[in-house]
Amino acid sequence: MAMPLLEVRDLRTHFELEDGVVKAVDGVDLTVSRGRTLAVVGESGCGKSVTARSILRLVERPARIVGGEVLLYGDESAGDPEDLLAAKDRRLRQVRWADIAMVFQEPMASLSLVHTIGDQIVEAIRLHENVSKAVARERAIEFLGRVGIPDPNRRVDSYPFELSGGMRQRAMIAMALSCRPRLLIADEPTTALDVTTQAQILDLLQDLQEEFGMAIMLITHDLGVAAQVADEVAVMYLGEVVEHGPATSVLTKPKHPYTQALVRSVPRLGQRGQDRLAAVRGSVPPPYERPSGCRFHPRCDAFMAGKCDEIVPVRVRTDDIDVACLLYGEGER
Ligand SMILES: Nc1ncnc2c1ncn2[C@@H]1O[C@H](COP(=O)(O)OP(=O)(O)OP(=O)(O)O)[C@@H](O)[C@H]1O
Ligand SMILES: [Mg+2]
């Protein structure tokens, strides 16, 4: 069994809006193991990004983390983990970048427009490492080169707007990696990129993972990407994780009808040219309305009336997968 590095337990992040409360993240449980890659998948709006931001407490009003634990384990196998949700602000600033670095879905939102790429990377490194500016700059150049930015000696002095979208995304990744975090959280790091660049970046992440023993939490709506890089997969639906297990099991023998529908909707390799398969039937319900019982029941092919619409499934272990579905276990009324 792999050792856990990060355990998220019953995380709840709600948006308190005038018209009501949007429970964007509502009971998320997931585990990232040391040195491994967890892919977090699910349809748009299911709470993947809010979960990622909540781990580092980077949510702003009207969002509020209303419950749960984010347990970060230390380097030694012994010792209790620390709950980042209970940590002091000062401690959290140390954890960001040094232990957990994050690549956001929108690189422009997280890079400063008025500073060069190099200055931003140098600052991130020096925030938690006692190295000179010159040393930090050398490392910035090194990592810009490693993420495939041509002519890094010159590019280090570019401003974000001088770079293409793909180069900006690489610069963000270089910034995260140059801090040598124990965990990299990457939110759709390759979605905006063309297929070739996407493949390069994914390869790079895997190389660096091997080199540094870094764990990766990769958020993606692309099950093909998950299949390519993940050791474990967590499937989210409406603010919770409904299925969690080894990637090979979840992506080839999924238990939850939602995951089964997601997997069916991916055109198989070698079947290109065929009609696109249907996506999951129906659509994600509006944010204020959470279905009773199992949140997926209105869209589920295996719906059992009087059961799935009334009983909230609890996660149970089935083979090597944890799944929240009444086909496999009991729930709570
Ligand atoms: N600023 C906001 N104000 C109100 N609600 C929000 C806000 N941002 C997110 N939400 C709510 O949180 C839910 C989850 O959003 P989140 O961005 O985590 O989804 P996601 O899984 O990352 O989707 P995508 O795949 O499109 O990136 C959304 O459905 C939305 O209802
Ligand atoms: Mg998102």
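Quick caveat: nothing in here was measured; it's all calculated off a predicted structure. (Residues numbered from 1 in each chain as written. Chains lettered and ligands numbered in written order. Predicted model: local features only at pLDDT ≥ 70, side-chain atom pairs only at ≥ 80, totals over all residues. Heavy atoms only, no water.)

S.K.: What is the right way to read the overall build of the protein from this model?
M.R.: If you tally the helices and strands in the protein, you get eleven helices and 14 strands. Computed over the C-alpha atoms, the radius of gyration of the protein is 20 Å, within 12% of the 20 Å expected from 2.2 N^0.38 for a compact globule of 333 residues. Every one of the 333 residues in the protein was classed for burial, and the buried ones make up 50%. Partitioning the contacts of the protein with sequence separation of at least 6, the portion at a separation of at least 24 is 63%. Side chains of the protein give 40 positive and 48 negative charges; the mean places of these two sets differ by 1 Å. (Helix = DSSP H or I, 4+ residues; strand = E, 2+ residues; numbered from the N terminus. Rg over C-alpha atoms; globule rule 2.2 N^0.38 Å. Buried < 20%, exposed > 50% of the residue type's maximum accessible area, 1.4 Å probe, protein only. Contact = heavy atoms within 4.5 Å. Lys, Arg positive; Asp, Glu negative; His and termini not counted. Charge placed at Lys NZ, Arg CZ, Asp CG, Glu CD.)

S.K.: Would you mind going over a nonpolar patch on the surface with me for this structure?
M.R.: Among the surface-exposed residues, M108, L113, V114, Y159 and F161 lie close enough to one another that they form a single nonpolar patch of about 490 Å² accessible area. Note that Y159 resides in the loop between α6 (152-155) and α7 (165-178). A relative accessible area of 31% means that Y159 is categorised as partly exposed. (Patch = residues over 30% accessible without salt bridge, like charges linked within 9 Å, V, L, I, M, F, W, Y side chains within 5 Å. Areas by Shrake-Rupley, 256 points an atom, 1.4 Å probe, with all protein chains shown as cover. Salt bridge = Lys/Arg side-chain N within 4 Å of Asp/Glu carboxyl O.)

S.K.: Is there a simple way to explain the sheet that holds strand β7 (residues 183-187) in this structure?
M.R.: Sheets are built from strands paired through backbone hydrogen bonds, the pairs being either parallel or antiparallel. Read from one edge to the other, the open sheet built from eight strands follows the order β6-β7-β8-β3-β9-β10-β13-β12, with strand pairing classed as mixed. Of all strands in the sheet, those with a lone pairing partner are β6 (100-103) and β12 (316-318), marking the two edges. On average, each strand axis in the sheet is tilted by 20° relative to the strand beside it, whichever way the strands run. Sheet analysis places strand β3 (residues 37-41) next to strand β8 (residues 215-219), joined by four bridges and oriented parallel. Looking across to β8, one finds that T37 is bridged to I216. Against the sheet, α7 engages β6 and β7, with an angle of about 175° to β6. Taken strand by strand, helix α11 (residues 257-264) contacts β9 (232-237) and β10 (240-246), and its axis lies near 105° from that of β9. (Pairing = 2+ DSSP bridges. Axes fitted to C-alpha atoms, helices over the stretch in contact; angles between N-to-C directions.)

S.K.: How should I be thinking about the site of ligand 1 in this particular structure?
M.R.: S44, G45, K48, S49 and V50 are the nearest of the 14 residues found near ligand 1. At 2.5 Å from an oxygen atom of ligand 1 is found a side-chain nitrogen or oxygen belonging to S44. G45 is positioned such that a nitrogen or oxygen atom in its backbone is 2.8 Å from an oxygen atom of ligand 1. With three residues, the single largest contributor to the shell around ligand 1 is helix α1 (residues 48-55). Tallied by class, the residues present in the shell around ligand 1 amount to seven nonpolar, five polar and two charged. (Near = heavy atom within 4 Å. Polar contact = N/O pair within 3.5 Å; in protein donor to acceptor, adjacent residues only side chain to side chain. Nonpolar A, V, L, I, M, F, W, Y, C, P; charged D, E, K, R; others polar.)

S.K.: Hey, could you run me through the pattern of salt bridges in this one?
M.R.: Following the criterion strictly, the structure yields 19 salt bridges and no others. In this structure, R12 engages D26 in a salt bridge whose closest nitrogen and oxygen atoms are separated by 3.1 Å. Of the two residues, R12 sits in strand β1 (residues 4-17) while D26 sits in strand β2 (residues 20-33), which places them 14 residues apart along the sequence. Of the residues examined, R12 reaches a relative accessible area of 28% and is grouped as partly exposed. The buried category is assigned to D26, whose relative accessible area is 8%. Residues R295 and E240 are paired through a salt bridge, measuring 3.7 Å at the closest nitrogen-oxygen approach.

S.K.: Just checking my understanding: could you explain the coordination of the magnesium ion (ligand 2) for this structure?
M.R.: For a metal with four donors in a tetrahedral arrangement, the ideal angle between donors is 109.5 degrees, while six donors in an octahedron ideally sit at 90 or 180 degrees. Surrounding the magnesium ion (ligand 2) are the protein donor atoms S49 (OG) and Q105 (OE1), which sit 2.0 to 2.4 Å from the metal. Of this pair, S49 sits in helix α1 while Q105 is found in the loop between β6 and α3 (107-110), placing the two residues 56 residues apart along the sequence. (Donors = N, O, S within 2.8 Å, 3.2 Å for Na, K, Ca; no water.)

S.K.: What is the right way to look at unusual backbone geometry in this model?
M.R.: A negative phi angle is the norm for most residues apart from glycine, just as the trans form is the norm for most peptide bonds. Residues R61 and P62 are joined by a peptide bond in cis, for which omega reads 10°. Here P62 is to be found in the loop between α1 and β4 (63-72). For R57, which is not glycine, the phi dihedral falls at a positive 55°. Position of R57 among the secondary structure elements: in the loop between α1 and β4. Residues other than glycine seldom take positive phi values, yet R180 does so here, at roughly 45°. Considering the arrangement of structural elements, one finds R180 in the loop between α7 and β7. Since its relative accessible area comes to 41%, R180 is described here as partly exposed.

S.K.: I tried to follow α1 on my own but got confused; where do I start?
M.R.: An α-helix turns once every 3.6 residues. As a result, residues three or four positions apart point the same way. Of all eight residues that make up α1, six are buried, and the element is covered over most of its length. Buried within α1 are the following residues: K48, V50, T51, A52, S54 and I55. Once α1 ends, the next one or two residues include R57, with phi positive near 55°.

S.K.: Hey, could you run me through helix α2 (residues 89-98) in this one?
M.R.: Residues of α2 that are buried include every one of L92, V95 and W97, and no others. Along the long axis of α2, the arc covered by the buried residues comes to 165°, so they all point the same way. Those residues of α2 that are exposed and aimed more than 90 degrees away from the buried face are R90 and R93. If you follow the buried residues of α2, they end up packed against β4, β6, α4 (117-128) and α7. (Arc of directions from axis to C-beta.)

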